[in-house]
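Tertiary structure, described
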Amino acid sequence: MRAQLKCIDCGTTYALDQVRYTCDCGGLLDVARDLEELRNVVSRETFDRRLGGRPLADVSGVWRFRELILPVPENEIVSRPEGNTPLYRSPRLSKWVGLDDLALKHEGENPTGSFKDRGMTVGVTQARQVGARAVACASTGNTSASLASYGAMAGLAVIIFVPEGKIAFGKLSQALAYGAKTLQVAGDFDVAMQLVQHVCRELDIYLLNSINPFRVEGQKAIILEMLQQREWQPPDWIVLPAGNLGNTSAFGKALYEAHQLGLITRIPRLAAVQAKGANPFYRSFIGHFQQRERVHAETIATAIKIGDPVSYSRAVRAIEWTNGVVTQVSDADIMSAKAQVDAAGIGCEPASASSVAGIKRLVGDGVIKPGESAVAILTGHLLKDPSATVDYHLNRLEGITPAYANAPVVVEPTVDAVREALN
Ligand code: F0G
């Protein structure tokens, strides 16, 4: 199946194996394929037949949809395999957000504990296709953990740029453990993002942030797999946390293509949720996208502590394609939602909980109607950021009163002491 790189602004095309992340005009690139031609090749049945298949490319929840992902020989795929994440339901959470039909797709149950693995299997596979020896990314933690793992599997040198002291410990420990060269940049994520783009150009290193269009192709599979799990019946809403806007971009493209290909007959609405202290996309949205806003980001949800998202224009397109919305939630809202997701027995990291907080807010605002259905994307695993969880339950977070705290109790080693603690 033919595919090429295509500028989303001016439409200029480039060969798929060119190493470039933006057009000569500065616009972002898509992996573009002939959807008319694809229409005769893929169907719901094509993908359903592969469920339960044995080859790695069928087992992976990304490569199962390979015609929509990347044309590459199957034996050259770098896969853990990833995907096949559950769709949870919880009466407790439904009630809390005020929606009967709520499901949670837990992308934190990917191999390295976040949705980034979906993009990285494709990005690292493409890195090998173009003969890269070294790969790099800037990251708030999860991208770097994922790249470190997939890069190690592919035998590539991995260099990661993280904002010093600002990423969660679970994520930092993964990068170190998987053997990535870890550069702690004196600055925030936005500074690290600028730096890595510069470095990759100067030092001929392959860049694997979501500005790389192959990452976006892999992350589309979150949507394709969710639709398949729902027997290709889309929910009314898909709600996700938004930081660097790679996922928002991927979701828009997945839904557009799925609709064009006849896999679905209507397009659900996207709701992108930002933390109040890191809300450039929300600000642009309320200004009807007349202007691209940038902020200095600050939030407890360190994964989405981003003030100048690189995939901005692709994400605007996603919101427009899906008649979507962008909302914002406070850190206190995020931590309350996280406590609810955690206490439901599911668990997630703070940034992920913003999708659940966002649904509660949108239901409260009357944007999502009580009779509508929603799928919330949980993007990262509970264990990614243990400090945020423990500090919450110990009431150690500045400015946040833990409404659902479950503090541990110290006891003497006697039955009486235990009896008293249990009363
Ligand atoms: N949730 C989690 C857990 C994340 O790690 C990220 C992004 C997002 C949501 C936002 O997704 O950037 O596609 O809008 N983390 C990146 C990283 C920035 O470096 O790990 P996005």
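Right above here is the structure, for reference.
Overview of the structure.

The rules behind each value
- Residues numbered from 1 in each chain as written.
- Predicted model: local features only at pLDDT ≥ 70, side-chain atom pairs only at ≥ 80, totals over all residues.
- Heavy atoms only, no water.
- Helix = DSSP H or I, 4+ residues; strand = E, 2+ residues; numbered from the N terminus.
- Expected span 1.5 Å × (residues − 1).
- Buried < 20%, exposed > 50% of the residue type's maximum accessible area, 1.4 Å probe, protein only.
- Salt bridge = Lys/Arg side-chain N within 4 Å of Asp/Glu carboxyl O.
- Contact = heavy atoms within 4.5 Å.
- Near = heavy atom within 4 Å.
- Polar contact = N/O pair within 3.5 Å; in protein donor to acceptor, adjacent residues only side chain to side chain.
- Areas by Shrake-Rupley, 256 points an atom, 1.4 Å probe, with all protein chains shown as cover.
- Nonpolar A, V, L, I, M, F, W, Y, C, P; charged D, E, K, R; others polar.
- Pairing = 2+ DSSP bridges.
- Axes fitted to C-alpha atoms, helices over the stretch in contact; angles between N-to-C directions.
- Parallel < 35°, antiparallel > 145°, perpendicular 65-115°, else oblique.

All right, on to helix H14 (residues 350-364) then. With 15 residues, H14 extends 21 Å between its outermost C-alpha atoms, agreeing within 8% with the 21 Å of an ideal straight helix rising 1.5 Å per residue. Among the 15 residues of H14, twelve are classified as buried, and the element is accordingly described as predominantly covered. Along H14, the residues that are buried comprise Pro350, Ala351, Ser352, Ala353, Ser354, Ser355, Val356, Ala357, Gly358, Ile359, Leu362 and Val363. Looking one or two places after H14, you find Gly366, whose phi comes out positive at around 80°.

Quick look at the environment of Ala177 now. Summarising the element assignment, Ala177 is placed in helix H7 (residues 169-177). The class of Ala177 is exposed, set by a relative accessible area of 64%. Separated by 26 residues in the primary sequence, Ala177 and Leu203 place their C-alpha atoms 25 Å from one another.

Following the criterion strictly, the structure yields 25 salt bridges and no others. Across the pair Arg2 and Glu37 runs a salt bridge whose closest N-O atoms are separated by 3.1 Å. Taken as a pair, Arg2 in the segment before strand S1 (3-7) and Glu37 in helix H1 (residues 35-39) lie far apart in primary sequence, 35 residues in all. Exposure remark for Arg2: the relative accessible area of 60% places this residue in the exposed category. Glu217 serves as the salt-bridge partner of Arg33, at 2.8 Å between the closest nitrogen and oxygen. Of the two residues, Arg33 is situated in strand S3 (residues 29-33) and Glu217 in helix H9 (residues 213-229); the sequence distance between them amounts to 184 residues. By relative accessible area, Glu217 is classed as buried at 0%. Residues joined by salt bridges that share partners form a network here, namely Arg33, Glu217, Lys220, Lys253 and Glu257.

As a further point, take helix H13 (residues 331-343). Between its terminal C-alpha atoms H13 stretches 18 Å, which fits the 18 Å expected from 13 residues at 1.5 Å a residue. Looking only at H13, the buried set comprises Ile334, Met335, Ser336, Ala337, Lys338, Ala339, Gln340, Val341 and Asp342. In the core, the buried residues of H13 are packed alongside helix H4 (91-97), strand S11 (269-275), strand S12 (325-329), H14, strand S13 (373-378) and helix H15 (386-393).

Turning to the site of the ligand, a few remarks are in order. Neighbouring residues of the ligand: 20 residues in total, closest Ser139, Thr143, Gly243, Asn244 and Thr379. Between Gly243 and the ligand, the recorded distance is 2.7 Å, taken from a backbone N or O atom to an oxygen atom. In this structure, Gly246 approaches the ligand through a main-chain N or O atom, which is 3.1 Å from an oxygen atom. With the chains in place, 99% of the 470 Å² that the ligand exposes on its own is no longer accessible. Elements that contribute at least two residues to the shell around the ligand include exactly helix H6 (142-154) and helix H10 (246-260). Tallied by class, the residues present in the shell around the ligand amount to eight nonpolar, ten polar and two charged.

The next subject is the sheet that holds strand S9 (residues 206-207). The four strands lie next to each other as S8-S7-S6-S9, forming an open sheet whose pairing is parallel. Every other strand in the sheet has two partners, leaving strand S8 (181-185) and S9 as the edge strands with one partner each. Inspection of the sheet shows strand S6 (residues 134-138) paired to S9 by two bridges, in the parallel sense. Bridge assignment links Ala136 to a residue of S9, and that residue is Leu207.

The next point concerns the packing of H13 against H14. At a minimum axis distance of 8 Å, the contact between H13 and H14 shows a crossing angle of 95°. Comparing the axis directions of H13 and H14 gives the class roughly perpendicular. Where H13 abuts H14, its residues Asp333, Ile334, Met335, Ala337, Lys338 and Val341 lie against Pro350, Ala353, Ser354, Val356 and Ala357. In the contact of H13 with H14, the residues fall into eight nonpolar, one polar and two charged.

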